[in-house]
Amino acid sequence: MSLKVKVKSETEFPPIPEGTYPAICYTIADLGQQYNEKFKKSANKILFIWELVDDDLRIDIDGEMKRRAISKQYTASFGVKSNMYKDIRPWIGREFTPEETEGVFDVGSLIGTACLLSVSNETTGEGKTYSNVSAVMQLPKGIKVGKPENPMVLYDMDESSNEELEKLPEWVQKIIQKSKNADISNANSIDVNVDLETGEINGDLPFLDMDEE
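**A short note on helix H1 (residues 83-92)**
Part 1 of the argument: Listing the buried residues of H1 in full gives Met-84, Tyr-85, Asp-87, Ile-88, Trp-91 and Ile-92.
Part 2 of the argument: If you follow the buried residues of H1, they end up packed against strand E1 (19-36), strand E2 (41-52), strand E5 (69-75), strand E6 (114-123) and strand E7 (129-137).
Part 3 of the argument: Two residues or fewer past H1, Gly-93 is found with a positive phi of approximately 75°.

Following this line, the structure appears as structure tokens:
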């Protein structure tokens, strides 16, 4: 065992300049039922992570110049007022088909798909600035972005293995661990009613007892 221990960098990267960028979705993760303390409700959440295809924005991570990444959480709902509908509808560049409207849309089909992201910045009362995805649009014809440089990860709580879970960033894994259905065996034995418009559930699910770090 070496006494030379690598110190984990706590460097905070500057916010992404506001603007529109070509991007590729390289991670889609089912976050499970997440409880919103403000609204006192639970809803199934899905996380998208994109890498921005702009060499001028690359940052040094452990000596390697990597693309900037940005993420956004959605409630799993395609109600016309939902954020997921407002972003994915222009991303795919068409209205959903009657079959999709009456059934389901495979969100996982968007993994590895390019788009245009509109990025805006928001400064908190404490003076910290965060970059947010304010809009998602279809990539114009003629713009080629290639494949993502980051490994692609598609995680479904019902179907994916623990190996796929471990490929997700640690901060994403922690969100999943806090979900109300992180214990799949227990969650599958409970009957819940899901509102197809809002993604909200009726009834209570037991929280998984997790310690905060």
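After that view of the structure, there is still more to cover.
**Looking at helix H4 (residues 170-177)**
Part 1 of the argument: Buried within H4 are the following residues: Val-172, Gln-173, Ile-175 and Ile-176. With its buried residues spanning 160° around the axis, H4 presents them on a single face.
Part 2 of the argument: Buried residues in H4 make contact with E1, E2, E5, strand E8 (153-155) and helix H3 (162-167).

**Side note on the pairing of E7**
Part 1 of the argument: Looking at chain direction, E6 and E7 are connected through eight bridges and run antiparallel. When the bridges of E7 are listed, Leu-117 appears paired with Val-136.
Part 2 of the argument: From the end of E6 to the start of E7, which pair antiparallel, there are five residues, and Gly-127 there has a positive phi angle of about 90°.

**Notes on the nonpolar core**
A general trend in soluble globular proteins is that nonpolar side chains are found buried together.
Part 1 of the argument: Phe-48, Trp-50, Ile-88, Trp-91 and Leu-117 are the most contacted members of the largest nonpolar core, which totals 26 residues.
Part 2 of the argument: Elements represented by at least two residues in this core include exactly E1, E2, E5, H1, E6 and E7.
Part 3 of the argument: Broken down by element, the residue count for this core peaks at five residues, all from H1.
Part 4 of the argument: The residues contacting Trp-91, other than those within four sequence positions of it, are Cys-25, Phe-48, Trp-50, Leu-110, Thr-113, Ala-114, Cys-115, Val-136, Met-137 and Gln-138.

**Some thoughts on the confidence of the model for the protein**
Detail in the predicted coordinates should be disregarded across regions flagged by low pLDDT.
Part 1 of the argument: Per-residue pLDDT for the protein has a mean of 83; in total, 79% of the residues score no lower than 70.
Part 2 of the argument: Confidence drops under pLDDT 50 across residues 184-213; counting only partners more than four residues distant or on other chains, this segment forms 44 contacts.

**Quick look at the packing of aromatic side chains**
Part 1 of the argument: Counted according to the given criterion, the structure contains eight aromatic pairs.
Part 2 of the argument: Measuring from centroid to centroid gives 5.4 Å for Phe-48 and Tyr-74, while their planes differ by 90°, and the two rings are edge-to-face. Of the two residues, Phe-48 is situated in strand E2 and Tyr-74 in strand E5; the sequence distance between them amounts to 26 residues. Considered together, Phe-48 and Tyr-74 belong to a single accessibility category, that of buried residues.
Part 3 of the argument: Taking the centre distance of 5.7 Å and the plane angle of 90° together, the rings of Phe-78 and Phe-105 count as edge-to-face. Highlighted residues: Phe-78 in the loop between E5 and H1 and Phe-105 in the loop between helix H2 (98-102) and E6, separated in sequence by 27 residues.
Part 4 of the argument: Phe-78 sits in the partly exposed class, given a relative accessible area of 26%.
Part 5 of the argument: For Phe-105, a relative accessible area of 14% corresponds to the buried category.
Part 6 of the argument: Through successive ring pairs, a cluster of aromatic residues spans Phe-48, Trp-50, Tyr-74 and Trp-91.

Procedures and definitions
- Residues numbered from 1 in each chain as written.
- Predicted model: local features only at pLDDT ≥ 70, side-chain atom pairs only at ≥ 80, totals over all residues.
- Heavy atoms only, no water.
- Buried < 20%, exposed > 50% of the residue type's maximum accessible area, 1.4 Å probe, protein only.
- Helix = DSSP H or I, 4+ residues; strand = E, 2+ residues; numbered from the N terminus.
- Contact = heavy atoms within 4.5 Å.
- Arc of directions from axis to C-beta.
- Pairing = 2+ DSSP bridges.
- Core = buried A, V, L, I, M, F, W, Y, C linked by side-chain atoms within 4.5 Å.
- pLDDT = per-residue confidence, 0-100.
- Phe/Tyr/Trp six-rings, centres within 6.5 Å; stacked < 30°, edge-to-face > 60°.

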